Amino acid sequence: MTSAWLAFRTVQRYRARTALAAIGVAIIGALLFDMLLLSRGLVASFADLLDRSGYDIRVVNSEGVSVSRTPIPHASTVSAAIERLPEVASVARIRLEPATVAGGDGSDLDVTVIGSTRAGGRIAWTVVEGSDLPDGSASTEPCPVLVGRNLANALHLQPGATLQLRADVPGQQSALPPIPCRIAGIANSLFASANEFEVLTTMRGLREVRGGTDNDDADLVLVASAAAIDPAVTVRAIAALRPDLRVYSNDDVVDQFNRNGFAYFRQISVVLSSITVVFTFLLVATILTVSTNQRLGEIAALRALGIGRRRIAAMLLWESVLIVGLGGLAALPLGGLVAAGLDRILKQMPGVPSALHFFVFEPRALGLHALLLSATALVAALYPMWLTARLPIASTLRREVVG
Amino acid sequence: MTAARPIVEARAVGRVFPMPAGPVTALRDVSLRIDAADYIAITGPSGCGKSTLLHLVGCVDAPTSGSIVFENRDVHSLTEAERSRIRLTRLGFVFQRFFLLPMLTARENVELPQAEAGVDASTRRARAAELLEYVGLIDRADHLPSQLSGGEMQRTAIARALANRPALLVADEPTGELDEDTGTHVADLFDRVHADGTAILLVTHNAALAARAFRRYAMKNGRLIS
């Protein structure tokens, strides 16, 4: 006949009260769980996305601002020099060009043409139909392309069909003719958003789309460190080789985003988590206090019978733990469902890669969820416990009889 | 021949309740000695102080003057834990409103004080069965209080009060919520409890119940009248 057993019998006896309280805690707890998933979810997902790209270092030009950098000139020379470093396993040059394709209704669709020195499979494009682009400069075909799934769906494209790509010249009406490019395959790009159209081609294909001009620029050079080499070591080697360029490891990129863009999500998450914890506390404390006040006569009688204050206080604490525990457990699947729904909505934001998630499950979030709810259960039980510990037995019994 | 040692002694106790409209004196210079063989009834009108005296004797309240001595120990000098221990092991309380725990069966209610006293599960189960048999409720042992009548609840409460074999049973209007016939059955039970060796102090409006006691007192304006 422990305090926990007495508490269990109490919550069992007052089923409706227990169910209402647990449902309340479950709803609030689900929001708390979601906020905990959100607090690190985007960062964890972004880091995972970068790691899955197959490259652990990014090299960009140091000129220009971060959102609009000047491309790296003489990029083939730069990448060749980097590739010769013993710390480096492989290098890929990436060049982005805006372009248009003719839509089904005669209007033009804006697309981003990505020129790469590597096959799609080497830069996180997963071919779902047809075949990949050739790796390196082995291709003799003028303009083979991998079409992103969004564009293929929008224009009902199939491998083997021809896509007419016209490069945009920034700042003026394009005078370049559309170039027919053969669709080698349909692919999912790791970094493509739900509402963006992308086309991947070889550097030669990109040159064709640009009307045969080749300025040997690259927006980005991706570098994979050699096996067992710490990316930080490779970053130092590249920075020493080309101090005029900016070199970032994946960790650096994540860290930078964590301090800048993702900080808002973390702050929102902290504020909302705190509010949900306060609401949980208020809900449980109110229910326990009301329930204790309804049972003052019973509690005074127990004290008169010699039942110790500690046992009665422990019983109330266990009641709190049981209510919060039940609600907290129910909060997990509920929070998971809400997180999945919110994740789908947030991923519709322009420019957000489809593979990126805002809510990511980590054991740490589960541990923190349990810890915060346990602490809330304890704090919520403190006032009712204090109330019973200080209960004047004689006057309470007298009041109960008179009442 | 030496006099029997009293279980509890109220020595010139007074009790004043501070109230917003001014202090109210509930007890004035009351002395009462309760020995092992005693069966005492206190009667009097509402508000005369009889429940206050019972609470003092039952160690749930403290006098503002005088002293309560329980088995040779001044209750005022004891800690709350020590007073609680006395209530648990040496006293049994019976209340007008029974105050059984609604989520526990009759048997579990009887077991509860024993569990608090550290009695092992099989012993307390056997003792609960013995007491429920004693009060005629063995066939209702697994019923919740909500499934019992008023008389049955009060008999269960008496069984609970006897669980740790107290020296003194104190009862505050034990028939106050019962009809006459049921009250008579409960009164019979008190007679049996006393005959079996437990001292009884009860306060009541019920003249028939009070008439069964060996010593009877009336209270008026906070004073005990023999």
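Residues numbered from 1 in each chain as written. Chains lettered and ligands numbered in written order. Predicted model: local features only at pLDDT ≥ 70, side-chain atom pairs only at ≥ 80, totals over all residues. Heavy atoms only, no water.

K.L.:
Which residues make up the interface of chain A and chain B, and what values go with them?
P.N.:
Facing the 26 residues of chain A at the interface are 28 residues of chain B. Carbon and sulfur atoms make up 63% of the area that chain A and chain B hide from each other, which totals about 2700 Å². Interface area lost by chain A to chain B is led by Met-1, Arg-13 and Leu-305 of chain A, which between them contribute 24%. Taken together, chain A and chain B are joined by three salt bridges. Of the charged contacts in the structure, one is a salt bridge between Glu-116 of chain B and Arg-311 of chain A, with a shortest N-O distance of 2.3 Å. Our count for the chain A to chain B interface comes out at eight residue pairs in polar contact (both at pLDDT 80 or more). Every element with two or more residues in the side of chain A that touches chain B is listed here: α1 (3-13), α9 (296-304), α10 (309-346) and α12 (393-402) of chain A. The class makeup of the residues in the side of chain A that touches chain B is 13 nonpolar, five polar and eight charged. (Contact = heavy atoms within 4.5 Å. Buried area = accessible area lost by both parts, 1.4 Å probe. Salt bridge = Lys/Arg side-chain N within 4 Å of Asp/Glu carboxyl O. Polar contact = N/O pair within 3.5 Å; in protein donor to acceptor, adjacent residues only side chain to side chain. Helix = DSSP H or I, 4+ residues; strand = E, 2+ residues; numbered from the N terminus. Nonpolar A, V, L, I, M, F, W, Y, C, P; charged D, E, K, R; others polar.)

K.L.:
Break down the environment of Val-223 of chain A for me, citing the residues and quoting the values.
P.N.:
Residues and elements named next belong to chain A. The residue Val-223 is located in strand β11 (residues 220-225) in this model. Overall, Val-223 belongs to the buried group, its relative accessible area being 0%. Those residues in contact with Val-223 that sit more than four places away from it in its chain are Tyr-55, Asp-56, Ile-57, Val-59, Ile-82, Val-88, Ser-90, Val-91, Thr-234 and Ile-238. (Buried < 20%, exposed > 50% of the residue type's maximum accessible area, 1.4 Å probe, protein only.)

K.L.:
Describe the sheet that holds strand β8 (residues 199-203) of chain B, listing the residues and the values that go with them.
P.N.:
All names here are of chain B. Read across the open sheet, the six strands follow the order β6-β7-β8-β3-β9-β10; overall the sheet is mixed. Where the open sheet ends on each side, the last strands, each with one partner, are β6 (91-94) and β10 (223-225). Sheet twist, expressed as the average angle between the axes of neighbouring strands with direction ignored, equals 20°. In the sheet, strand β3 (residues 39-43) pairs with strand β9 (residues 215-220) via four bridges, with the strands oriented parallel. Following the sheet pairing, Thr-43 is matched in β9 by Ala-218. Across the sheet, helix α1 (residues 50-57) is in contact with β3, β6, β7 (168-172), β8, β9 and β10; its angle to β7 comes to roughly 150°. (Pairing = 2+ DSSP bridges. Axes fitted to C-alpha atoms, helices over the stretch in contact; angles between N-to-C directions.)

K.L.:
Break down the pattern of salt bridges for me, citing the residues and quoting the values.
P.N.:
Enumeration over the complete set of coordinates arrives at 28 salt bridges over all chains. When the shortest N-O distance is used, the salt bridge between Arg-242 of chain A and Asp-244 of chain A registers 2.7 Å. For Asp-244 of chain A, a relative accessible area of 37% corresponds to the partly exposed category. Linking Arg-212 of chain B and Asp-188 of chain B is a salt bridge whose minimum nitrogen-to-oxygen distance equals 2.7 Å.

K.L.:
Can you explain unusual backbone geometry? Please cite residues and give values.
P.N.:
Residues and elements named next belong to chain B. One non-glycine residue, Asp-29, adopts positive backbone phi at about 50°. With respect to the element layout, Asp-29 can be found in strand β2 (residues 24-34). The exposure class assigned to Asp-29 is exposed, which follows from its relative accessible area of 55%. Positive phi outside glycine occurs at Glu-71, with the angle close to 45°. Looking at the element boundaries, Glu-71 is found in the loop between β4 (65-70) and β5 (73-74).

K.L.:
Which residues make up helix α6 (residues 231-241) of chain A, and what values go with them?
P.N.:
Residue and element names in this part refer to chain A. Every buried residue belonging to α6 is among Thr-234, Val-235, Ala-237 and Ile-238, and all of these are buried. Axial view of α6: buried residues confined to an arc of 165°, hence all on one face. Opposite its buried face, α6 presents the exposed residues Arg-236 and Ala-240, each directed more than 90 degrees away. Of the surrounding secondary structure, the elements contacted by the buried residues of α6 are β1 (57-61), α3 (75-83), β4 (88-102), β11 and β12 (245-249). Capping the start of α6 is the job of one residue whose side-chain oxygen sits 2.9 Å from the backbone nitrogen of Ala-232: Asp-230. (Arc of directions from axis to C-beta.)

K.L.:
Summarise the packing of helix α5 (residues 150-161) of chain B against helix α6 (residues 180-195) of chain B; cite the residues concerned and give the values.
P.N.:
The geometry of a pair of packed helices is captured by two quantities: the angle between their axes and the separation between those axes. Residue and element names in this part refer to chain B. Two elements in contact, α5 and α6, have axes whose closest approach is 10 Å; the angle formed by their N-to-C orientations is 15°. As summarised for this structure, α5 and α6 are arranged roughly parallel, according to the angle between their axes. Once α5 is placed against α6, the crossing between them reads as right-handed. Side by side, α5 and α6 meet where Gly-151, Gln-154, Arg-155 and Ile-158 of the first sit next to Thr-182, Val-186, Leu-189, Phe-190 and Val-193 of the second. Within the contact of α5 with α6, the residues separate by chemical class into five nonpolar, three polar and one charged. (Parallel < 35°, antiparallel > 145°, perpendicular 65-115°, else oblique. Left-handed = near helix turned anticlockwise from the far one by under 90°.)

K.L.:
Before we move on, can you summarise the state of the cysteines with the specific residues and values?
P.N.:
Residues and elements named next belong to chain A. Applying the stated criterion to the full structure yields one disulfide over all chains. What pairs with Cys-143 in a disulfide is Cys-181, and their sulfur atoms sit 2.0 Å apart. Between Cys-143 and Cys-181, the disulfide has an S-S torsion of 75° and is therefore right-handed. In this pair, Cys-143 sits in the loop between β6 (125-130) and β7 (144-148) while Cys-181 sits in strand β9 (residues 179-189), placing the two residues 38 residues apart along the sequence. Judged by its relative accessible area of 3%, Cys-143 falls in the buried class. We classify Cys-181 as buried; its relative accessible area is 1%. (Disulfide = S-S within 2.5 Å.)

K.L.:
Talk me through the domain arrangement of chain A; I want residue IDs and the actual numbers.
P.N.:
Residues and elements named next belong to chain A. When the domains of chain A are assigned, the result is domain 1 (3-49 + 261-402) and domain 2 (62-244). A separation of 50 Å is found between the C-alpha centroids of domain 1 and domain 2. Contact residues are listed per partner, giving 10 residues for domain 1 and seven residues for domain 2. Contact between domain 1 and domain 2 buries roughly 610 Å² in total, counting both sides, with carbon and sulfur atoms accounting for 53%. The interface formed by domain 1 and domain 2 contains zero salt bridges. Our enumeration of links across domain 1 and domain 2 arrives at zero residue pairs in polar contact (both at pLDDT 80 or more). Considering only residue class, the side of domain 1 that touches domain 2 consists of six nonpolar, three polar and one charged. (Domains from an automatic or database assignment.)

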